[in-house]
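Residue-level listing of the chains:
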Protein chains: 2
Amino acid sequence: MAIKSDIEIARAAMKKPIFEIGATLGIPAEHLAPYGHDKAKVRAQFIAAQAGKKDGRLILVTAINPTPAGEGKTTTTVGLGDGLNRIGKKAIICIREASLGPCFGVKGGAAGGGYAQVIPMEDINLHFTGDFHAVTAAHNLLAAMIDNHIYWGNELDIDLRRVTWRRVMDMNDRALREMVSSLGGVANGFPRQNGFDITVASEVMAILCLATDLKDLEARLGNIIIGYRRDKMPVYARDLKADGAMAVLLKDAMQPNLVQTLENNPAFVHGGPFANIAHGCNSVIATKTALKLGDYVVTEAGFGADLGAEKFFDIKCRKAGLKPDAAVVVATVRALKMNGGVKKDDLAAENVAALVKGCANLGRHLANVRKFGVPVVVAINHFVSDTDKEIAAVQEYVARHGAEAILCRHWAEGSAGIEDLAYKVVELAESGQARFEPLYADSVPLFEKIEIVASKIYHAGEVTADKAVRDQLIVWEEQGYGNLPVCMAKTQYSFSTDPNIRGAPEGHIVPVREVRLSAGAGFVVVITGEIMTMPGLPRSPSAERIFLNEQGYIEGLF
Amino acid sequence: MAIKSDIEIARAAMKKPIFEIGATLGIPAEHLAPYGHDKAKVRAQFIAAQAGKKDGRLILVTAINPTPAGEGKTTTTVGLGDGLNRIGKKAIICIREASLGPCFGVKGGAAGGGYAQVIPMEDINLHFTGDFHAVTAAHNLLAAMIDNHIYWGNELDIDLRRVTWRRVMDMNDRALREMVSSLGGVANGFPRQNGFDITVASEVMAILCLATDLKDLEARLGNIIIGYRRDKMPVYARDLKADGAMAVLLKDAMQPNLVQTLENNPAFVHGGPFANIAHGCNSVIATKTALKLGDYVVTEAGFGADLGAEKFFDIKCRKAGLKPDAAVVVATVRALKMNGGVKKDDLAAENVAALVKGCANLGRHLANVRKFGVPVVVAINHFVSDTDKEIAAVQEYVARHGAEAILCRHWAEGSAGIEDLAYKVVELAESGQARFEPLYADSVPLFEKIEIVASKIYHAGEVTADKAVRDQLIVWEEQGYGNLPVCMAKTQYSFSTDPNIRGAPEGHIVPVREVRLSAGAGFVVVITGEIMTMPGLPRSPSAERIFLNEQGYIEGLF
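For clarity, every value in this text was computed on a predicted model and none was experimentally measured.

Asker: I'm lost on the UniProt feature "binding site: ATP" (unreviewed entry) in chain A in this one. Help?
Answerer: Residues and elements named next belong to chain A. As recorded in UniProt, the feature "binding site: ATP" (unreviewed entry) lies at Thr 67, Pro 68, Ala 69, Gly 70, Glu 71, Gly 72, Lys 73 and Thr 74. Note on placement: Thr 67 falls in the loop between strand 3 (57-63) and helix 4 (73-86). Discounting chain neighbours no more than four positions away, the residues touching Thr 67 are Ala 335, Met 338, Asn 339 and Arg 502. Residues within four places of Ala 69 in sequence aside, it is in contact with Arg 334, Ala 335, Met 338, Leu 347 and Phe 383.

Right under this line is the structure:
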């Protein structure tokens, strides 16, 4: 039998009308704003009305450090949601929206895979319900108002050289990374160095994903620092009176998007902050709404657990008052072998020795998750090339480290292939073991927060930083920002800052290159390497092979 | 009694579910893709299935040259649609979508006014169904692919100095008009002069509005000229293989948006090409679909009849094979007085002499519309300050010129105030008088086409152009583009190219400054003055006063 592609499986799905999916959660049709027949936004009034209800249980799906072999974090998140529903739990999946730009670079979607997908996958990967376009518009309105303010006399005395607010576009467009704008004479304003990031890197996106409601959203937008005056005092978005109009543009984008899995279970696909310079999680409003409506909420966090889970716990859970009940660390035999030194081309061959060596990476993540007081289980996302010996080796390793590793076949079999994991997750969550605590207290000084993450999570020996960086952190502490969490920006491929060091390195140095204050989102970004905030397209972008076929279906996107 | 604002009236409207509006047109629910409960897109399959049906009658609403006094072209278009429904005709309104950017500059919406509006007006004026965001994305994908092609070796030998394809954003942002992009070193590409236009000025927008279906859309996108090689030969979007992915991004945007008027009559709000460097009409697909579904279709064209009606007839009707049955020229007493020399501050005072002088502008437009073989009636859009003597003077003037001027009170009274106009329009349309012909044949040389429009419509004495412009037109004729219509770009305030000359000037000179080939849209843009393709914000933009109130309603947008 030929293996079906993700898109073939998705198109063959028997979708239910979105109002039916909403009804299973108790959302009346008038509180769903439909987008087509298979997508809907949940209205603010309905969400506000759930306030008094008891929360369901929150499960985080995270992973080992990503490798080119693929781990399947989203696929496992979707699969586990289906699995929990299969064993009789009312479970809701909460994942991030996909960015448009990268779709045209390298082929691939962000809606799961195989028989564990959210649908309609084409829409989810393209414009969806327009949330990212709204973020782009709100971000760029603020940018236009900054240059307009300067043009008309610059009453606020904004220093042209210190405007930190760039523009954004949901496109991979390296030509926009660095530019000089406002050329062409008096009518076009004052020339200055400028540039674009991709929309998911916008602080507006991070704000949308951390705001609890529209009021909180507007307050956070007002808190954005757009740059500095000549006397180095910050200038806020509210000084430009941009916050109100930005909130208006984001009014609908703030509402969670409801879709369904291939098995007709509910999923909130909402928000998409870059896991790099932001916290990389599904929106707080979606997760909190799901907790009111379901027994179980399964959510994921961007990249491996060193970045994704740490930020999920220390930023999202801390800020939103969430208390996760259990965590799943996803691993694949292939990715563990790569962590153990096997090259991508050699992955098909059995190699238990390398696998066991690579398991050190998994073990470190397991121990790290436990530092937050959350019980953990390992999901082995099954690939056809995995051998019995290899699977047994992973299970043995994990057992030695006091946890269980469960083989999951959701990619090939849907919920039927992930029942064991679902039962185990329920057991852990209902055991009452969880004692969630963030890694550090709000009151810890900023630099010390960085050191705590570096030593406890990365197992680094030292954090280094120039005097300018340290001084900047002290200035922010004096200005009242010392209580913010730190949002680490580090390569996702390693516990260290060197993407080539796989496994579980110890005693390495974490050099902090730069710090940035996201005063609206409410965190201090700590940059420990090169950060790409605007990707480029490859030599032969996938856009060249994307088209509408004779039946009007999209080809080449997946 | 206090006069209600447009937004108060709109919010008090008794909206019907959009599926009910669709049902009145015979569109089954499964062929409508809803966006919320009050907006929907009509599916391509349904539209294709209407092909064999008889067309309804097509009515164009156009106007005298606009003045700061306001004419109410959209308001009258909506009012006439309601009026036709009131007298028992199944009438559908076809208007353009609103651009987001200008909403944040100067207060004001684009969905009609008073008791002649399309709703939901907030949505229509903001993101609506995301069409403009899709146009922005498709346009900028092509731009990114151009710079990416150059970055990876420039196999097509595109001349960096001759890239004509800019980027777009739906924002008033003067800082982006002129810039140098790809700065910052090797990784960011080759620096070049670049810039952004507002999204409505994109050729992609014009293409969307002229394409008959998705196949035609993709073909036109492929025909876009993005710039020239060093040997001056054109480079097309299809050379970059961008057309397929652009069509995918525009798949949903191509489908007409169905909304309703305050009186629950159907309206297609679709497409929004700049009336300046494009043709400024509702989309061909919306207009043609409406003609299949209604007895009457009322549509409008941007600016005064010298620009809007001429381009509607010579571009949209010519290309789409449409045959308008009647036209309405909208005038107001106030605007006619301004055409007669009255200043804005003096408009409240009765001034019949100035009014009669200003009627020359109206008379010229009446005669012009008849040159296309279309019977015409004048709608006097009533303002409270109008005196009986003034109204009588307009009616007398129009009667002397062989037509009828009908007083319309739709702004204050809705359809009840516009019955007379509705009956007159039916009389004209059903008289069979219409003998529509474009002003010139396809085969006429390009420069001669310009001269024909200038002499017959503008009553100009001469068209002047540099040798470079004339040579360019000849080159395009040699390349096979000689059969295209011309798309005039001229000030909307005057028949001449001087915005200060009101009334009906004669014998003036039309200097052609520049010509541009829109090979995808299928016309040659003829620029006869300064064209602003990216507006700026005013000193105190309305964005500063837009916010969400305690009830979650938008304040300050209208």
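Asker: How should the environment of Gly 414 of chain B be read in this particular structure?
Answerer: Residues and elements named next belong to chain B. Looking at where Gly 414 falls in the secondary structure, it is placed in the loop between helix 16 (410-413) and helix 17 (419-430). Residues Gly 414 and Leu 347, 67 residues apart in the sequence, show an inter-C-alpha distance of 25 Å. Setting aside anything within four residues of it in sequence, one finds Gly 414 in contact with Tyr 115, Glu 263 and Arg 409.

Asker: Would you mind going over the interface of chain A and chain B with me for this structure?
Answerer: Listed as interface residues are 68 residues of chain A and, on the opposing side, 68 residues of chain B. When the two sides are added together, the surface that chain A and chain B hide from each other amounts to roughly 5700 Å², 66% of it contributed by carbon and sulfur. There are 4 salt bridges connecting chain A and chain B. Residues Glu 550 of chain B and Lys 215 of chain A are paired through a salt bridge, measuring 3.1 Å at the closest nitrogen-oxygen approach. Of all the elements in the fold, those that place two or more residues in the side of chain A that touches chain B are strand 1 (32-34), helix 7 (131-151), strand 8 (167-169), strand 9 (179-181), helix 9 (214-223), helix 10 (243-250) and strand 25 (547-548) of chain A. With 10 residues, the top contributor of residues to the side of chain A that touches chain B is helix 7 of chain A.

Asker: Please explain the domain arrangement of chain A as it appears in this structure.
Answerer: Often, the extent of an interface is quoted as the loss of accessible area upon association of its parts. Residues and elements named next belong to chain A. On domain assignment, one finds that chain A holds domain 1 (51-120 + 263-429), domain 2 (129-248) and domain 3 (444-525). Here the C-alpha centroids of domain 1 and domain 2 sit 34 Å apart. Domain 1 puts 21 residues into the contact, and the matching count from domain 2 is 16 residues. Along the contact surface separating domain 1 from domain 2 lie 5 residue pairs in polar contact (both at pLDDT 80 or more). Put simply, the parts of the chain that give the side of domain 1 that touches domain 2 at least two residues each are helix 5 (100-103), helix 11 (284-293) and helix 12 (308-320).

Asker: Explain the environment of Gly 83 of chain A here, please?
Answerer: All names here are of chain A. Inspection of the secondary structure assignment puts Gly 83 in helix 4. By relative accessible area, Gly 83 is classed as buried at 0%. Separated by 33 residues in the primary sequence, Gly 83 and Ala 116 have C-alpha atoms spaced 9.8 Å apart. Discounting chain neighbours no more than four positions away, the residues touching Gly 83 are Ser 415, Ile 418 and Ala 422.

Conventions adopted
- Residues numbered from 1 in each chain as written.
- Chains lettered and ligands numbered in written order.
- Predicted model: local features only at pLDDT ≥ 70, side-chain atom pairs only at ≥ 80, totals over all residues.
- Heavy atoms only, no water.
- UniProt positions renumbered as here; feature names shortened; annotations may be inferred.
- Helix = DSSP H or I, 4+ residues; strand = E, 2+ residues; numbered from the N terminus.
- Contact = heavy atoms within 4.5 Å.
- Buried area = accessible area lost by both parts, 1.4 Å probe.
- Salt bridge = Lys/Arg side-chain N within 4 Å of Asp/Glu carboxyl O.
- Domains from an automatic or database assignment.
- Polar contact = N/O pair within 3.5 Å; in protein donor to acceptor, adjacent residues only side chain to side chain.
- Buried < 20%, exposed > 50% of the residue type's maximum accessible area, 1.4 Å probe, protein only.

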